[in-house]
Amino acid sequence: MRKITSILSSYVSEAFKACGYDPSLGSVTVSDRMDLCQFQCNGAFAAAKLYKKAPIMVAEEVAEALKKEGIFKVVEAVKPGFINMTLTDEYLVGYVNEIVADEHTGVPQSQTPETIVIDYGAPNVAKPLHIGHLRSAIIGEALKRIAREMGKTVYADVHLGDWGTPMGLVIAEYSERHPEWACFKEDFDPEKDEVPALDPDELNEVYPYASAKSKKDEAFKEKAHRITHELQNHRPGYYALWRELVKASISDIKSNFEKLNVSFDLWYGESDSDAYIPELVQILKDKGLLYESEGALVVDVQEPGDKINLPPVIIKKSDDSSIYATTDLATIIQRERDFKPDRIWYIVDKRQAMHFVQVFRCARKAGLVPDSTELRHLGFGTMNGADGKPFKTREGGVMRLSDLIKTATEGALEKLSGSEYVSGDMNETAQKIGVAAIKFGDLCNQPAKDYVFDLGKFLSFDGKTGTYLLYTVTRINSILKKAGIDYSEKRKITGIYTDAERELALIIALSGETYTKAIDDLAPCVLCDNAYNLASVFSRFYHDNRILSEEDELKRNSWLALSLLTRRVITKQLDMLGIDYVENM
Ligand code: ARG
């Protein structure tokens, strides 16, 4: 189904053409002054320059031509040269009814096939999943779902941090605690020798311990470095232990991500790029890009116009080991080989912006992907506590994701206590509300901005919250149930009787646009805005009208159809955000 702005752009382009102007001037956008009009076109300003006329004259001519179309209640030229448009209710109803009939509920479908790899989540093996990974996981998951809904092919890759110095630190620490393990013997034989099952509690605590130790103990740090290097060269014992570490971590990570409705197609890690490193090095050598600097092999990425000093990318350290940039570059080769993606998106904390500039520049210089392939870093901001500093637990530590979900669930449970409305499992409903509160509280912000994590606010039934959206859905559920309407029915709207309905219809008509914008800007918040606007106008509509007891049959049916469609659009948006809704609360 076409987006409403593209349909209107066609009309306005035709009108520009009919008046003797370039049709490409007729592009229509949603009005930024909804109190004045629904849509606008600013093409008369550019036309004025091209055709040496006053903008208002062009706007007047075009507006006059548009009146003939009969789809506008108002179409007018406004000084100094805007063309303002408001649709007739009939046209709006017609468009909304097309959404009712559309199998994609108005979500615009990609015209050309497109493959996208999204790199998100990216937790690190042997380190507990903490809320630092929360944003990446929930933003990336939303983008994956939105892009898929638009018909794109998407591969979600968790890109585990499983290959750097932290692995060496962990193995070094195990070797001191359990020197008797066979995996620490020089002559470990993977055919005969075994690695004991790892204790999950020890696994969670070993990295922070080893990391702190390496800061005080130079010899230990050395040892960890040596082990990292030997691991990267696949020393059998270390490799076997490392595989156990990865296995244990993945099962913990999976169960946490599942609670957030986050899932991946590919459970690759940095280590999976290892096989492509020799090729990377060869390409860089062949292109004359690689040179030696202080014993390391590096590539220059500074460009003439740069305002900041960009250090060269280190490809191999002096001891021949690979680092973060090496695995990211090798992973690009791997992804190109496996999927030939049109786009690769990295959903990673904005503090890593420089790393991605270096990696992308190096990848371009080396020609690892065609020039047309998009390499894009979505750098998101920090989740802060009430004090404006990165969010911490009351004790000052980093809150673990599982604890966060638990706290939110308890908060929701408290709110629900005494509610007679919850059918089914109270705890399950509370967990869904808690997760919705966390996820929506995050997703409704511009990703690059820092935001304050305020659970009390996120759990509130009023305002722009996930809780409010779930509540709105339950309210619609109850109306539909009382009217005996099945949620999957498709019913047409017959007319617009009140202002709130017109607003609802317009927000629904615009919901398709939000998908395109969310993908263009990598900003799921655009969908959150549309969902919230729908919910709040629906509340007004609901308060102003007695839907169920309305005597005018035509009106009542239309109102029910509009409620049904509002539910369908909001629940689809919630699905896109990876937020479960509940039947009642
Ligand atoms: N594991 C890294 C971290 O926790 C993030 C990796 C992001 N993805 C990437 N391709 N570099 O900081």
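Residues numbered from 1 in each chain as written. Predicted model: local features only at pLDDT ≥ 70, side-chain atom pairs only at ≥ 80, totals over all residues. Heavy atoms only, no water.

(A) The overall build of the protein chain, seen in detail. What the protein chain contains, in helices and strands, is 19 helices and 13 strands. Considering only C-alpha atoms, the protein chain reaches an extent of 85 × 65 × 45 Å along its principal axes. Contacts spanning at least 24 positions in sequence make up 73% of the contacts within the protein chain whose residues lie at least 6 apart. For the protein chain, the exposed area adds up to about 25,900 Å²; of that, 50% sits on carbon and sulfur atoms. For the protein chain, the centre of its 72 positive side-chain charges and the centre of its 89 negative side-chain charges are spaced 4 Å apart. (Helix = DSSP H or I, 4+ residues; strand = E, 2+ residues; numbered from the N terminus. Contact = heavy atoms within 4.5 Å. Areas by Shrake-Rupley, 256 points an atom, 1.4 Å probe, with all protein chains shown as cover. Lys, Arg positive; Asp, Glu negative; His and termini not counted. Charge placed at Lys NZ, Arg CZ, Asp CG, Glu CD.)

(B) Layout of the UniProt feature "short sequence motif: 'HIGH' region" (unreviewed entry) in the protein chain. Mapped onto this numbering, the UniProt entry gives "short sequence motif: 'HIGH' region" (unreviewed entry) at residues 123-133. When the span residues 123-133 is considered, its composition is 0% helix and 0% strand, and the gap between its end C-alpha atoms is 6 Å. (UniProt positions renumbered as here; feature names shortened; annotations may be inferred.)

(C) Structural context of the UniProt feature "domain: Arginyl tRNA synthetase N-terminal" (unreviewed entry) in the protein chain. As annotated by UniProt and renumbered to match this structure, "domain: Arginyl tRNA synthetase N-terminal" (unreviewed entry) occupies residues 6-87. The span residues 6-87 is 43% helix and 23% strand, and its two end C-alpha atoms sit 14 Å from each other.

(D) Molecular detail of the sheet that holds strand β9 (residues 313-316). A sheet is described by the order of its strands in space; here 3 strands give the open sequence β7-β8-β9, paired in antiparallel fashion. In this open sheet, the two edge strands, each paired with only one partner strand, are β7 (290-293) and β9. Neighbour to neighbour, the strand axes of the sheet diverge by 45° on average, direction disregarded. Alignment of strand β8 (residues 296-299) against β9, held across 3 bridges, turns out to be antiparallel. Pairing of V299 across the sheet is with V313, part of β9. (Pairing = 2+ DSSP bridges. Axes fitted to C-alpha atoms, helices over the stretch in contact; angles between N-to-C directions.)

(E) Just the site of the ligand, in detail. With respect to spatial proximity, the complete set of residues near the ligand consists of D119, A122, N124, H133, H159, Y324, D328, Y346, V348, Q352 and F356. In this structure, a nitrogen atom belonging to the ligand sits 2.7 Å away from a side-chain N or O atom of N124. Q352 has a polar side-chain atom sitting 3.1 Å from an oxygen atom of the ligand. Starting from 350 Å² of accessible surface for the ligand in isolation, the protein chains cover 88%. (Near = heavy atom within 4 Å. Polar contact = N/O pair within 3.5 Å; in protein donor to acceptor, adjacent residues only side chain to side chain.)

(F) Structural view of the sheet that holds strand β2 (residues 39-41). Pairing is antiparallel across the open sheet formed by 4 strands, whose spatial order is β1-β2-β4-β3. Of all the strands in the sheet, just β1 (28-30) and β3 (72-78) have a single pairing partner and so form its edges. Direction aside, the axes of adjacent strands within the sheet are offset by 25° on average. Summarising the sheet, β3 and strand β4 (residues 82-87) pair through 6 bridges and their orientation is antiparallel. Note that in β4 the partner of V75 across the bridge is M85. Against the sheet, helix α3 (residues 55-67) makes contact with β3 and β4, and its axis sits at roughly 165° relative to β3, the strand it touches most.

(G) Structural view of the packing of helix α6 (residues 165-177) against helix α8 (residues 218-232). Relative to each other, α6 and α8 sit at 115°, their axes nearing to 7 Å. As far as their axial angle goes, α8 and α6 are roughly perpendicular. The crossing of α6 and α8 is right-handed. For the pair formed by α6 and α8, the contact residues are T165, M167, G168, L169, I171, A172, E173, S175 and E176 on the first element and F220, K223, A224, H225, I227, T228 and L231 on the second. (Parallel < 35°, antiparallel > 145°, perpendicular 65-115°, else oblique. Left-handed = near helix turned anticlockwise from the far one by under 90°.)

(H) Fine view of the nonpolar core. The biggest cluster of nonpolar side chains holds 163 residues, and the ones touching the most others in it are F16 and Y174. If one sorts the elements of this core by residue count, helix α17 (residues 499-520) sits on top with 11 residues. Apart from residues no more than four positions distant in its own chain, F16 is found in contact with Y21, D22, P23, L25, G26, C41, G43, A44, A47, V58, V62 and I83. In terms of nonpolar packing, the next biggest core, distinct from the first, is built from 32 residues, I277, L289, L329 and L375 among them. (Core = buried A, V, L, I, M, F, W, Y, C linked by side-chain atoms within 4.5 Å. Buried < 20%, exposed > 50% of the residue type's maximum accessible area, 1.4 Å probe, protein only.)

(I) Structural detail: unusual backbone geometry. Of note, the amide linkage connecting K79 to P80 takes the cis form, showing an omega dihedral of 0°. Although it is not a glycine, A122 adopts a positive phi angle of roughly 45°. Relative to the assigned elements, A122 resides in the loop between β5 (115-119) and α5 (134-149). Taking the relative accessible area as the measure of exposure, A122 reaches 22% and is therefore partly exposed. Here the phi dihedral of K340 falls at roughly 45°; this positive angle occurs in a residue that is not glycine. With respect to the helices and strands, the residue K340 is situated in the loop between α11 (324-339) and β10 (343-349). Overall, K340 belongs to the exposed group, its relative accessible area being 59%.

(J) Examining the side chain of S9 more closely. Residue position: S9 is located in helix α1 (residues 4-18). Taking the relative accessible area as the measure of exposure, S9 reaches 15% and is therefore buried. A distance of 2.7 Å separates the side chain of S9 from the backbone oxygen of T5, its partner in a polar contact. The residues contacting S9, other than those within four sequence positions of it, are G26, S27 and V28.

(K) Representation of the side chain of R567 within the structure. Assignment of secondary structure puts R567 in helix α19 (residues 553-576). E583 provides the closest opposite charge to the buried, salt-bridge-free R567, at an N-O distance of 4.9 Å. With residues up to four places along the chain from it excluded, the contact list for R567 reads V473, I476, N477, L480, Y487 and Y581. (Salt bridge = Lys/Arg side-chain N within 4 Å of Asp/Glu carboxyl O.)

(L) Structural context of the environment of A535. In this fold, A535 is placed in helix α18 (residues 525-544). Since its relative accessible area comes to 0%, A535 is described here as buried. Taking the C-alpha atoms as reference, A535 lies 31 Å from Q111; in sequence the two are 424 residues apart.

(M) Quick look at the pairing of strand β11 (residues 374-380). Taking burial as the measure, the 7 residues of β11 include 5 buried ones, the bulk of the element. Relative to β11, β10 runs parallel, the two sharing 7 bridges. Each bridged residue has a counterpart across the sheet, and for I344 the counterpart in β11 is L375. A crossover links β10 with its parallel partner β11, the connecting element being helix α12 (residues 353-366), and its sense is right-handed. (Right-handed = clockwise from strand over helix to strand, strands pointing away.)

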